[in-house]
Amino acid sequence: MSNEKKMIYLDNAATTAVKPEVLTHMMPYLQEYYGNPSSIYSFAGVSTKAVDEARDTVAEFLGAKGKEIYFTSGGSESDNWAIKSAAAANKNKGNHIITSAIEHHAVLHTCSYLEKNGFEVSYIGVDENGVIKMNELKEAIRPTTTLISVMFANNEIGTIQPIKEIGALAKENGILFHTDAVQAYGHVPINVNELNIDMLSASGHKIHGPKGVGILYIKDSVRIGPFIHGGSQERNRRAGTHNVPGIVGFAKATEIAAKTMAENAVKLMALRDYTIDRMLQEVPYARLNGHRTKRLPNNTNFCFRFIEGESLLIMLDNKGICASSGSACTSGSLDPSHVLLAIGLPHEIAHGSLRLTLSEETTKEDLDYVIDAVKVIVERLRSMSPLYEDFVKGQKAE
């Protein structure tokens, strides 16, 4: 009998496994065709051609032009570049930026940095489902507003934002619109022109591509400067030797996503909804976080009252289940997720959160195992909670 521990990976919003086809496509550029695309001899031309083809693949997927795609080290760099460079390029027009209260920290911390450097930032609230308040967004616009940055879909609770409306509003007011599409890219259809997106960030390792590579789409009419200086790569906009294996891997993962996205979405939504239904029906005092239907196909996020998310994660890990929590306590902070607080959850409930993000490899049997494990663990943790004991007594007294 094998002693190998069972492992069910349900943290695909954090990172994904590289697909075998992607790795196979990358290998020649790690070993055989290792030339630097910036060199002029023919051997390097193989790498140059590969990068150009990758650029076109990504552009086609987004409805963009090849010259509008810039390769970066990932989503965080792309977010930083878009926001800092747009703010600097338009400083003579104004110093006001608008974002949402539930952005990824790559956006929030960048905005905080800008606030310390003379810029003003408005953080727009969201409703109980995590959808941005459009009226509040409209009212926040000033004559000095130069940029709106709102994520396509939330990394924690999966809610998809009304991107087309936001893009139209930005265009109507002559404001640049950037979206962090790291979680949405490859999972839902995106056409940058139809949605009036001026800049878009995406990352390879969220779509079964390699880590350390991403893109920033910059509409050709947008004039912003480089973020990294030191070379003429990426048409003088992003210095640094091209990560050729990463770039071709990103493009291959994009190509696969383009072919399988619609079919995978149907399968994943069925599994997602099955998980949500079972969890809400079978675990007392469980709450779904995020919009019930306007959410990423593979995202589920729950809060379980009277427990700590960190304890739940540790006990799930003991059963071979990889998941994550909305709580930041695992990083040494006692503060719960800023996203869960923004949708109106009190601290004590926000601490007991669990995010399960699926992939096309996830099976119904996997999810049954996980849900059954959650039920047992939540019951066990609550049995040790004096707060839960008092709550149950109070319920019985009523």
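If you're wondering where the values come from, they're calculated on a predicted model, not measured in any experiment.

Is there a simple way to explain the pairing of strand β8 (residues 214-218) in this structure?
Residues in a regular strand point their side chains to alternate faces of the sheet. Taken across its five residues, β8 has five buried, putting it largely inside the fold. Judged by which residues are buried, β8 turns out to be covered on both faces: Gly214, Leu216 and Ile218 on one side and Ile215 and Tyr217 on the other are all buried. Direction of pairing for strand β2 (residues 69-72) relative to β8: antiparallel, over a ladder of four bridges. Counterpart to Thr72 in the pairing with β8 is Gly214.

Is there a simple way to explain the pattern of salt bridges in this structure?
Think of it this way: side chains of opposite charge can pair up when their charged atoms draw near. On inspection of all chains with the given rule, the structure shows 18 salt bridges. Asp273 is paired through a salt bridge with Arg272; the nearest N and O atoms lie 2.9 Å apart. Note on Arg272: relative accessible area 2%, which makes it buried. The salt bridge involving Asp368 is made with Lys364; its shortest N-O contact spans 3.9 Å. Of the two residues, Asp368 and Lys364 both sit in helix α12 (residues 364-383), four residues apart, roughly one turn of that helix.

Help me understand the sheet that holds strand β9 (residues 286-288), please; the structure alone is not making it clear to me.
Strand pairs in the sheet, formed through backbone hydrogen bonds, run parallel or antiparallel to each other. Strand order across the open sheet formed by three strands is β9-β10-β12, with antiparallel pairing between neighbours. Every interior strand has two partners, whereas the edge strands, β9 and β12 (353-357), have only one. Each adjacent strand pair in this sheet contributes to an overall mean axis angle of 25°, direction not counted. Of the strands in this sheet, β9, β10 (299-304) and β12 are in contact with helix α8 (residues 244-282), which crosses β10 at around 10°.

So what exactly am I meant to see when it comes to the pairing of strand β6 (residues 176-180) here?
Counting buried positions over the five residues of β6 gives five, a clear majority of the element. Here β6 shows a buried face lined by Leu176, His178 and Asp180 and a second buried face lined by Phe177 and Thr179. Pairing of strand β5 (residues 145-149) with β6, which is carried by three bridges, proceeds in the parallel orientation. Paired with Leu147 across the two strands is Leu176, which belongs to β6. In this region the chain leaves β5, passes through helix α6 (residues 163-172) and returns to the parallel neighbour β6; the handedness of that crossover is right-handed.

Looking at this model, I keep getting lost on the packing of aromatic side chains. Mind explaining?
The relative placement of two aromatic rings is captured by the distance of their centres and the angle of their planes. Using the criterion set out here, one finds 10 aromatic pairs in the structure. Between Tyr185 and Phe250, the ring centres sit 5.5 Å apart and the planes meet at 35°, which makes this aromatic pair tilted. In this pair, Tyr185 is assigned in the loop between β6 and β7 (199-203) and Phe250 in helix α8, connecting sequence segments 65 residues apart. Tyr185 gets classed as buried once you look at its relative accessible area, which sits at 0%. With a relative accessible area of 0%, Phe250 lands in the buried category. The ring of Tyr369 carries Lys6 above its face, with NZ or CZ at 4.8 Å from the centroid.

I tried to follow the sheet that holds β6 on my own but got confused; where do I start?
As summarised here, the arrangement of the seven strands in space is β2-β8-β7-β6-β5-β3-β4, forming an open sheet in which the pairing is mixed. Every interior strand has two partners, whereas the edge strands, β2 and β4 (120-124), have only one. The sheet shows a mean angle of 20° between the axes of neighbouring strands, direction not considered. The pairing of strand β3 (residues 96-100) with β4 spans five bridges and is parallel. Across the sheet, the residue bridging to Ile97 is Val121, located in β4. Packed onto the sheet, helix α4 (residues 105-115) meets β3, β4, β5 and β6 and runs at close to 145° relative to β4.

Sorry, what's going on with a nonpolar patch on the surface here?
Together, Val18, Leu23, Met27 and Leu30 line one region of the surface with nonpolar side chains, adding up to about 310 Å² of accessible area. Along the chain, Met27 turns up in helix α1 (residues 20-31).

Whenever I open this one, the layout of surface pockets confuses me. Can you help?
In this approach, a probe sized like a water molecule rolls over the atoms, and the result shows the empty space that is left. Quantified by volume, the second largest pocket comes out at close to 260 Å³. Taken together, 15 residues line the second largest pocket, and the ones lying closest to its centre are Tyr9, Asn12, Ala17, Ser359 and Glu361. For the lining of the second largest pocket, the residue count by class is seven nonpolar, four polar and four charged.

What counts and what doesn't
Residues numbered from 1 in each chain as written. Predicted model: local features only at pLDDT ≥ 70, side-chain atom pairs only at ≥ 80, totals over all residues. Heavy atoms only, no water. Buried < 20%, exposed > 50% of the residue type's maximum accessible area, 1.4 Å probe, protein only. Helix = DSSP H or I, 4+ residues; strand = E, 2+ residues; numbered from the N terminus. Pairing = 2+ DSSP bridges. Salt bridge = Lys/Arg side-chain N within 4 Å of Asp/Glu carboxyl O. Axes fitted to C-alpha atoms, helices over the stretch in contact; angles between N-to-C directions. Contact = heavy atoms within 4.5 Å. Right-handed = clockwise from strand over helix to strand, strands pointing away. Phe/Tyr/Trp six-rings, centres within 6.5 Å; stacked < 30°, edge-to-face > 60°. Lys NZ or Arg CZ within 6 Å of the ring centre and 35° of its normal. Patch = residues over 30% accessible without salt bridge, like charges linked within 9 Å, V, L, I, M, F, W, Y side chains within 5 Å. Areas by Shrake-Rupley, 256 points an atom, 1.4 Å probe, with all protein chains shown as cover. 1 Å grid on protein atoms, 1.4 Å probe; cavity = no way out; pocket = protein on both sides within 12 Å on 5 of 7 lines; lining within 4 Å. Points joined across faces, edges and corners; volume = space filled by probe spheres on them. Nonpolar A, V, L, I, M, F, W, Y, C, P; charged D, E, K, R; others polar.

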